[in-house]
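Residue strings, one per chain:
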Amino acid sequence: MTLLNIINFPDLSDERGGLVAIETGKDIPFKVERVYFIHSTQTGVSRGFHAHKKLKQIAFCVKGSCEFILDDGKKRETLALDNPCKGLLIESMIWREMRNFTDDCVLMVIASEHFSESDYIRDYDQFVSLAT
Ligand code: T46
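A brief report on the enclosed structure follows.

Cut-off values and rules
Residues numbered from 1 in each chain as written. Predicted model: local features only at pLDDT ≥ 70, side-chain atom pairs only at ≥ 80, totals over all residues. Heavy atoms only, no water. Helix = DSSP H or I, 4+ residues; strand = E, 2+ residues; numbered from the N terminus. Polar contact = N/O pair within 3.5 Å; in protein donor to acceptor, adjacent residues only side chain to side chain. Pairing = 2+ DSSP bridges. Axes fitted to C-alpha atoms, helices over the stretch in contact; angles between N-to-C directions. Core = buried A, V, L, I, M, F, W, Y, C linked by side-chain atoms within 4.5 Å. Buried < 20%, exposed > 50% of the residue type's maximum accessible area, 1.4 Å probe, protein only. Contact = heavy atoms within 4.5 Å. 1 Å grid on protein atoms, 1.4 Å probe; cavity = no way out; pocket = protein on both sides within 12 Å on 5 of 7 lines; lining within 4 Å. Points joined across faces, edges and corners; volume = space filled by probe spheres on them. Nonpolar A, V, L, I, M, F, W, Y, C, P; charged D, E, K, R; others polar. Near = heavy atom within 4 Å. Areas by Shrake-Rupley, 256 points an atom, 1.4 Å probe, with all protein chains shown as cover. Phe/Tyr/Trp six-rings, centres within 6.5 Å; stacked < 30°, edge-to-face > 60°.

Looking at the environment of Ser-116
(1) Moving on: Tracing the sequence through the fold places Ser-116 in the loop between strand S9 (106–111) and strand S10 (120–121).
(2) Moving on: On a C-alpha basis, the gap between Ser-116 and His-52 in space is 9.6 Å, while along the polypeptide they are 64 residues apart.
(3) Moving on: Separated by 2.9 Å, the side chains of Ser-116 and Ser-118 make a polar contact.

Structure below.
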């Protein structure tokens, strides 16, 4: 089973430009508690390198692109996120790394929980022993 669960959101673009709608209770398989975005990432920077015990998220590149690596402790899969209509669903207990951000990349994330540092697993070996 793939780790790369993509949710396709309606593309309401027309001749004036792009529009993507995201509706809670319809397109999102969890209650949304937080939204954040990552922008102006410096060239060559990689981010992530952690998993979450409970948090579920959907990541969108609303502009530009970046690459996600997802890892369940047994296998790693890579995806270029480069379409604002496509959301990458990241379940709990999945290690993630992000890299190859384009200069214009804006990565928006919809999250199932408020921020909690205690939900993070930042040590890969600890993650593998908990996940497998
Ligand atoms: C994830 C990937 C896709 C907060 O205080 N509130 C927040 O909502 C977030 C997201 C972060 N922070 C603090 C925690 C750290 O001190 O901001 C700092 C940077 O966060 P972090 O190093 O975790 O950022 P990334 O880019 O490595 O990971 C982020 C999310 O944290 C993470 O949940 O899945 O984006």
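Regarding the sheet that holds strand S2 (residues 34–39)
(1) Moving on: The 5 strands are arranged S1-S7-S4-S9-S2 in an open sheet whose pairing can be described as antiparallel. Sheet topology places strand S1 (5–8) and S2 at the edges, where each strand pairs with a single neighbour. Pairwise comparison of adjacent strand axes, ignoring direction, gives a mean angle of 25° for this sheet.
(2) Moving on: Two strands pair when backbone bridges link them, and S2 and S9 are joined in this way by 6 bridges, in the antiparallel orientation. For Val-35, the partnering residue across the bridge sits in S9 and is Ile-110.

Considering the nonpolar core
(1) Moving on: Phe-68, Leu-70, Leu-81, Leu-88 and Leu-107 are the most contacted members of the largest nonpolar core, which totals 18 residues.
(2) Moving on: When contributions to this core are tallied by element, the ones reaching two or more residues are strand S4 (57–63), strand S5 (66–71), strand S6 (76–81), strand S7 (86–90) and S9.
(3) Moving on: Sort the elements by how many residues they give to this core and S5 lands first, with 3 residues.
(4) Moving on: Discounting chain neighbours no more than four positions away, the residues touching Leu-70 are Leu-3, Leu-4, Lys-75, Arg-76, Glu-77, Leu-88, Ile-90, Ile-94, Trp-95 and Arg-96.

A closer look at the layout of surface pockets
(1) Moving on: Space inside the largest pocket adds up to approximately 180 Å³.
(2) Moving on: Lining the largest pocket are 15 residues; nearest its centre among them are Tyr-36, Ile-38, Gly-48, His-50 and Met-98.
(3) Moving on: At the level of secondary structure, the elements contributing two or more residues to the lining of the largest pocket comprise S2, strand S3 (47–52), S4, strand S8 (95–99) and S9.
(4) Moving on: Ranked by residue count, the leading element in the lining of the largest pocket is S3, at 4 residues.
(5) Moving on: Residues of the lining of the largest pocket, tallied by class, amount to 9 nonpolar, 4 polar and 2 charged.

So, the site of the ligand
(1) Moving on: In the vicinity of the ligand, 13 residues are found, and the nearest of them are Arg-34, His-52, Gln-57, Arg-96 and Tyr-120.
(2) Moving on: In this structure, an oxygen atom belonging to the ligand sits 2.7 Å away from a side-chain N or O atom of Arg-47.
(3) Moving on: A distance of 2.6 Å separates an oxygen atom of the ligand from a polar side-chain atom of Arg-96.
(4) Moving on: Summarising the interface, the protein chains cover 69% of the accessible area of the ligand, which totals 650 Å² for the free molecule.
(5) Moving on: At the level of elements, S2, S3 and S8 are the ones that each hand at least two residues to the shell around the ligand.
(6) Moving on: With 4 residues, the single largest contributor to the shell around the ligand is S3.
(7) Moving on: Partitioning the shell around the ligand into residue classes produces 5 nonpolar, 4 polar and 4 charged.

Observations concerning the packing of aromatic side chains
(1) Moving on: The tally for this structure, following the rule as stated, stands at 5 aromatic pairs.
(2) Moving on: Plain terms: the ring middles of Phe-9 and Phe-60 are 4.9 Å apart, the flat faces sit at 55° to each other, and that makes the pair tilted. Here the residue Phe-9 occupies a position in the loop between S1 and S2, and Phe-60 occupies one in strand S4, the gap between them amounting to 51 residues.
(3) Moving on: By relative accessible area, Phe-9 is classed as buried at 4%.
(4) Moving on: Counting every residue linked through ring pairs, the aromatic cluster contains Trp-95, Tyr-124 and Phe-127.

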